Amino acid sequence: MSESHAKHGFGTRAIHAGQAPDPSTGAIMTPIFQSATFAQESPGVFKEDYDYSRASNPTRKALEKNLASLEGAAHGLCYASGVSAEAAVLHLLSTGDHVILCDDVYGGTNRLFHRVFNQAGIEVTLVDMTDLDALDNAFGDTTRVVWLETPTNPTLKIIDIRKVAERAHARGAMVCVDNTFCSPYLQSPLALGADIVCHSTTKYMGGHSDVIGGALLTNDPDLYDRLKFIQLSVGAVPGILDCFLLLRSTKTLHLRMQRHSENAMRIATWLESHAKIDRVLYPGLKSHPQHALAREQMPNGFGGMIAVYLKGGLDAAKNMLEKTELFTIAESLGGVESLIEHPGIMTHASVPPEQRQALAITDSLVRLSVGVEDADDLIADLGQALA
Ligand code: P1T
């Protein structure tokens, strides 16, 4: 199969893009080129761009091409973690530059922006981007980046990527969308006007909770060159075995996302009518405040993440978490196995309490990452935990 897969569907690209049988052996699977360096014929004369694995490595390059193809991007770069991919974008900025950050993001993202880059002189303003007037008011002369997640983590707000991109571009800022909760199977931010897509590949892209990784995808050759320089210079690159594992995972991304979405839709619907549940937030439910936008922006399904508010506060929430058997109490998401967590105590503990309060990350909020097990078993597990 040729390198160009633009004409193929998502599933075909998931399996083939970036990967051809190994020319030296015919191996069908991309080999794990576990080598830090590469022999040179003469000083400065080497094969392709392979002089040192921090700069480039064939297994990593296959993954970067594969992820770029899935996001509909010309270029991809892989990182050691989701937050190191985020940091690479922030390294593009200079002291005094301003970033508008969506108010409801992963706690570690909030921490990186506010407690690492803010100290290095990057101004950060948090905005609820479901309110486009609030976004308009947040721009200043030094605004360079608008950064968002949609659905947001953990309250699953849906942000209109196209409208945010129009506004940002009119003000000369670029837009970076963290597409971790959707994966490219459910949502295509670049097609909606984003300049960069960011992923924690630890989640759905990896899909098996055995890798920490990150990625950036873009169509802009200049941005790519600058980010590639930062990747080389800062060096937060993924291990080669992790790249191989990710290549293995993306082959089934479309199948997993379909099942995550089907299971989550059934569970969210069931939870919504449960007597012990106060409120369910799932973009696929008609009751979700941005359901109509979710239908447009996420045409292939609504993903595997559900947020629920229990009646009864922290005790009720802890009780539910401790009693589930198939849903394991753990941070992270997007694996084949179902997880359950308490954002206030776990993933968003580093968000200042007053911000958590404003975002309704309350004691009674529980987040589910619905896996690909049998939905009946998952519902029975939640049922017994809530009983
Ligand atoms: O953990 P890491 O691979 O560095 O990814 C950070 C990250 C980035 N973006 C989003 C949307 C995320 O959810 C995360 C990590 N999130 C969790 C660990 C979590 O449980 O929400």
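A brief look at the structure comes next. (Residues numbered from 1 in each chain as written. Predicted model: local features only at pLDDT ≥ 70, side-chain atom pairs only at ≥ 80, totals over all residues. Heavy atoms only, no water.)

1. Here's the deal with the side chain of His260
Thought 1: Note that His260 resides in helix α10 (residues 253–272).
Thought 2: Classification of His260 as buried rests on a relative accessible area of 0%. (Helix = DSSP H or I, 4+ residues; strand = E, 2+ residues; numbered from the N terminus. Buried < 20%, exposed > 50% of the residue type's maximum accessible area, 1.4 Å probe, protein only.)

2. Quick look at the packing of α10 against helix α14 (residues 375–386)
Axis angle and axis distance: for two packed helices, these are the angle between their axes and the distance between the axes, and together they describe the pair.
Thought 1: Orientation of α10 relative to α14, taken along the N-to-C sense of each, is 30 degrees, at an axis distance of 10 Å. If you check the angle between α10 and α14, you find them roughly parallel. α10 and α14 meet at a crossing whose hand is right-handed. Between α10, through Asn263, Arg266, Ile267, Trp270 and Leu271, and α14, the contact on the second element is made entirely by Ala375, Asp376, Leu378, Ile379, Leu382, Gly383 and Leu386.
Thought 2: Of the residues contributing to the contact of α10 with α14, the split by class is eight nonpolar, two polar and two charged. (Axes fitted to C-alpha atoms, helices over the stretch in contact; angles between N-to-C directions. Parallel < 35°, antiparallel > 145°, perpendicular 65-115°, else oblique. Left-handed = near helix turned anticlockwise from the far one by under 90°. Contact = heavy atoms within 4.5 Å. Nonpolar A, V, L, I, M, F, W, Y, C, P; charged D, E, K, R; others polar.)

3. Quick notes on the pattern of salt bridges
Thought 1: By the definition in use, this model includes twelve salt bridges.
Thought 2: Linking Lys61 and Glu48 is a salt bridge whose minimum nitrogen-to-oxygen distance equals 2.9 Å. Placement of Lys61 in helix α2 (residues 58–71) and of Glu48 in the loop between α1 (10–16) and α2 is noted, with a sequence separation of 13 residues between them.
Thought 3: Its relative accessible area of 60% is what places Glu48 among the exposed residues.
Thought 4: Across the pair Lys157 and Asp128 runs a salt bridge, and its minimum N-O distance is 3.3 Å. (Salt bridge = Lys/Arg side-chain N within 4 Å of Asp/Glu carboxyl O.)

4. Description of the sheet that holds strand β6 (residues 196–200)
Thought 1: In spatial order, the strands read β1-β7-β6-β5-β4-β2-β3; together these seven strands make up an open sheet with mixed pairing. Edge positions in the open sheet fall to β1 (75–79) and β3 (123–127), since each of these has one partner strand only. Within the sheet, the average angular offset between the axes of one strand and its neighbour, ignoring direction, is 20 degrees.
Thought 2: Examined bridge by bridge, strand β5 (residues 174–178) and β6 share three bridges and lie parallel to one another. Bridge pairing in β6 links Cys176 to Ile196.
Thought 3: Helix α3 (residues 82–90) rests against β1, β2 (98–102), β4 (143–149), β5, β6 and β7 (214–218) of the sheet, and its axis sits at about 155 degrees to β6. (Pairing = 2+ DSSP bridges.)

5. Focus: the packing of aromatic side chains
Thought 1: As enumerated under the stated definition, the model contains four aromatic pairs in all.
Thought 2: When the ring of Phe38 is compared with that of Tyr50, the centres are 5.6 Å apart and the planes differ by 35 degrees; the resulting orientation is tilted. Highlighted residues: Phe38 in the loop between α1 and α2 and Tyr50 in the loop between α1 and α2, separated in sequence by twelve residues.
Thought 3: Each ring, one from Tyr282 and one from Phe302, has its centre 6.4 Å from the other, and the planes form 75 degrees; the classification is edge-to-face. Pair noted here: Tyr282 is in the loop between β8 (277–281) and α11 (291–297) and Phe302 is in the loop between α11 and β9 (305–310), with a separation of 20 residues, a long-range link. (Phe/Tyr/Trp six-rings, centres within 6.5 Å; stacked < 30°, edge-to-face > 60°.)

6. Concerning the site of the ligand
Thought 1: Taken together, 19 residues surround the ligand, and among them Asp178, Ser200, Thr202, Ser332 and Arg367 come closest.
Thought 2: Contact distances for the ligand include 3.0 Å between an oxygen atom and a side-chain N or O atom of Asn153.
Thought 3: Here the ligand has 480 Å² of accessible area as a free molecule, and 94% of this is covered by the chains.
Thought 4: Among the elements that make up the shell around the ligand, the one with the highest residue count is α3 (three residues).
Thought 5: Looking at the shell around the ligand, its residues break down into four nonpolar, nine polar and six charged.
Thought 6: Both domain 1 (10–250) and domain 2 (253–386) contribute no fewer than three residues apiece to the shell around the ligand. (Near = heavy atom within 4 Å. Polar contact = N/O pair within 3.5 Å; in protein donor to acceptor, adjacent residues only side chain to side chain. Areas by Shrake-Rupley, 256 points an atom, 1.4 Å probe, with all protein chains shown as cover. Domains from an automatic or database assignment.)

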